[in-house]
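# Fold and contact review
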Amino acid sequence: MNTLTVLAHVAVLLQALAPSDVTASDVVRGSTTLLDDTAPPTPFNLKVADAHVHLISTTNGVDYLWAKLVPPGQCPCKPPCLCNWTLADYVATSAPTLDVSTVIFCEVDAAHSQWLAEAKWVQSIADSASTDLPRIGAIIAQPPPGFLSVPVGGLTAALDSMRLVPLITAVRPSFASVGSAAVVKDSLDELGRRGLVVDLNMPLVDMASVVQGSPATRFVIEHMAKANVTTVDPGIVAAWTAKIKALAQFTNIECFQLGGVMHAFHGGAVDTIAVSRFVSAAVAAFGWGRVCFEGNWFFNGAPQPTYGQWARALVAILRQIGATDANLQAAFHDNTLRVYTVNHTRIN
């Protein structure tokens, strides 16, 4: 039986297992199961809170370092890779597939001196946004300059200033340049004392020591722990799975985000067969109460698979591994609201 025939059978199996979530127009092209965005939208009847959304503006005065570093081939708009990506744009991207009611904003690598300015800009959008748009339920902010590299006691005033932005409930520190192990631990412990979640975007090999070192601080793992979702090496999959199982033993990891890996695919396709190995391992390790849907907009788009393709693929994969309606509701909505304390405006 040739590859196309095998994959066609897999596509049929996925459709049979999740008939309400995969349309008849889903097709197999080449070696990849492709969910076609030209098909009529399929309603999932889900309430959705997207755990990871980026917004940027060319006119808000924020200097985005990310826009200067992205290779031209990975830029979602024309160089110098800085566009206006708004909530209205997000709705236009997500609405044909998912009915998103809430988004969690994640910082977009603003100049370090503007870390709070970016968060204030997002807060202003949340305060004035139309009720026709998803609400910004929380902000994952960049920490103040020097965080993790200098003793946290010297940053008290800067950390206190986050109270000016009520929606900040999480922080996304960079581990690219850090101080001593004691400085890192003290800094993360301080975020825990303040009731702030820490979003981790770092190599999987380093996560366990960080999480274990600050047991009173709550963590979220972004981007499926940077899984190499295109690999065909069973040894790599097994090693990744073992590390994920070990991480799941730390109860202060509140959410493992399912998303952020679409950069691995090009040509407008999601390889559901490849991704499902990692998604199923994550769900088995963390359970339905500790996984969250991550759209990672605006980074999902040509030449990557689109937001809609990833959303449909993820629902199909979760159905395949036995997700009930309640499981999907937890993964796509309830867990995110709980982790980021949406509806709470306090900052400790």
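Residues numbered from 1 in each chain as written. Predicted model: local features only at pLDDT ≥ 70, side-chain atom pairs only at ≥ 80, totals over all residues. Heavy atoms only, no water.

For Arg-172, the position within the fold is in the loop between β6 (168–171) and α6 (181–193). A polar contact of 3.2 Å, which involves the side chain of Arg-172, links it to the side chain of Glu-107. (Helix = DSSP H or I, 4+ residues; strand = E, 2+ residues; numbered from the N terminus. Polar contact = N/O pair within 3.5 Å; in protein donor to acceptor, adjacent residues only side chain to side chain.)

Membership of the largest hydrophobic core comes to 92 residues, with the highest contact counts inside it found for Leu-188, Trp-240, Phe-256 and Phe-332. Residue contributions to this core peak at eight residues, all from helix α10 (residues 307–320). Discounting residues that sit within four places of it in the chain, Trp-240 has contacts with Leu-204, Met-224, Ala-225, Ala-227, Phe-256, Phe-278, Ala-281 and Ala-282. (Core = buried A, V, L, I, M, F, W, Y, C linked by side-chain atoms within 4.5 Å. Buried < 20%, exposed > 50% of the residue type's maximum accessible area, 1.4 Å probe, protein only. Contact = heavy atoms within 4.5 Å.)

Two elements in contact, helix α9 (residues 272–286) and α10, have axes whose closest approach is 10 Å; the angle formed by their N-to-C orientations is 60 degrees. Between α9 and α10, the interaxial angle falls into the category oblique. In this structure, α9 meets α10 at a crossing whose hand is right-handed. Together, Thr-272, Val-275, Ser-276, Val-279 and Val-283 of α9 and Trp-310, Ala-313, Leu-314, Ile-317, Leu-318 and Gln-320 of α10 make up the contact between the two elements. Its residues assigned to classes, the contact of α9 with α10 comprises eight nonpolar, three polar and no charged. (Axes fitted to C-alpha atoms, helices over the stretch in contact; angles between N-to-C directions. Parallel < 35°, antiparallel > 145°, perpendicular 65-115°, else oblique. Left-handed = near helix turned anticlockwise from the far one by under 90°. Nonpolar A, V, L, I, M, F, W, Y, C, P; charged D, E, K, R; others polar.)

Our focus in this paragraph is the pairing of strand β7 (residues 197–200). Because side chains alternate across β7, one face comprises the buried residues Val-197 and Asp-199, and the other comprises Val-198 and Leu-200, equally buried. As paired elements, β6 and β7 share two bridges and run parallel to each other. Bridge pairing in β7 places Ala-170 opposite Val-197. Handedness of the β-α-β unit built from β6, α6 and β7 comes out right-handed. Inspection of the sheet shows β7 paired to strand β8 (residues 219–221) by three bridges, in the parallel sense. Opposite Leu-200, over in β8, you have Ile-221 as the bridge partner. (Pairing = 2+ DSSP bridges. Right-handed = clockwise from strand over helix to strand, strands pointing away.)

Time to look at the packing of aromatic side chains. Overall, the coordinates contain 10 aromatic pairs when judged by the stated rule. Here Tyr-90 and Trp-297 contribute two aromatic rings whose centre-to-centre distance is 5.5 Å and whose plane-to-plane angle is 80 degrees, an arrangement assigned as edge-to-face. Of the two residues, Tyr-90 sits in helix α3 (residues 87–94) while Trp-297 sits in the loop between β10 (291–293) and α10, which places them 207 residues apart along the sequence. Across this residue pair, the class does not change: Tyr-90 and Trp-297 are buried. Ring centres of Phe-293 and Tyr-307 lie 6.0 Å apart, and the angle between their planes is 85 degrees; on these two criteria the pair is classed as edge-to-face. With Phe-293 in strand β10 and Tyr-307 in helix α10, this residue pair connects regions lying 14 residues apart in the sequence. Here Phe-293 falls in the buried class, since its relative accessible area comes to 1%. When its relative accessible area of 1% is taken as the criterion, Tyr-307 is described as buried. Three or more aromatic residues link up through ring pairs in this structure, and these residues are Trp-85, Tyr-90, Phe-293, Trp-297, Phe-298, Tyr-307 and Phe-332. (Phe/Tyr/Trp six-rings, centres within 6.5 Å; stacked < 30°, edge-to-face > 60°.)

Attention now goes to the sheet that holds β7. The strand order β3-β4-β5-β6-β7-β8-β9-β10 describes an open sheet built from eight strands, whose pairing is parallel. Both edges of this open sheet fall to β3 (48–53) and β10, since each of them pairs with a single strand only. Each strand axis lies, on average, 30 degrees off the axis of its neighbour in the sheet, ignoring direction. Relative to strand β4 (residues 100–106), β3 runs parallel, the two being bridged by four bridges. Its bridge partner lying in β4, Ala-49 is registered against Thr-102. α3 rests against β3, β4 and β5 (135–141) of the sheet, and its axis sits at about 125 degrees to β4.

Now for the pattern of salt bridges. The full count for this structure, using the stated rule, is nine salt bridges. A salt bridge links Glu-222 to Arg-172; the nearest nitrogen and oxygen atoms lie 2.7 Å apart. Here Arg-172 lies in the loop between β6 and α6 and Glu-222 lies in the loop between β8 and α8 (234–248), a separation of 50 residues in the sequence. The two residues Glu-222 and Arg-172 agree in class, both being buried. In this structure, the salt-bridge partner of Arg-319 is Asp-325, at a minimum N-O distance of 2.6 Å. Under the relative-accessibility criterion, Asp-325 is labelled exposed at 54%. (Salt bridge = Lys/Arg side-chain N within 4 Å of Asp/Glu carboxyl O.)

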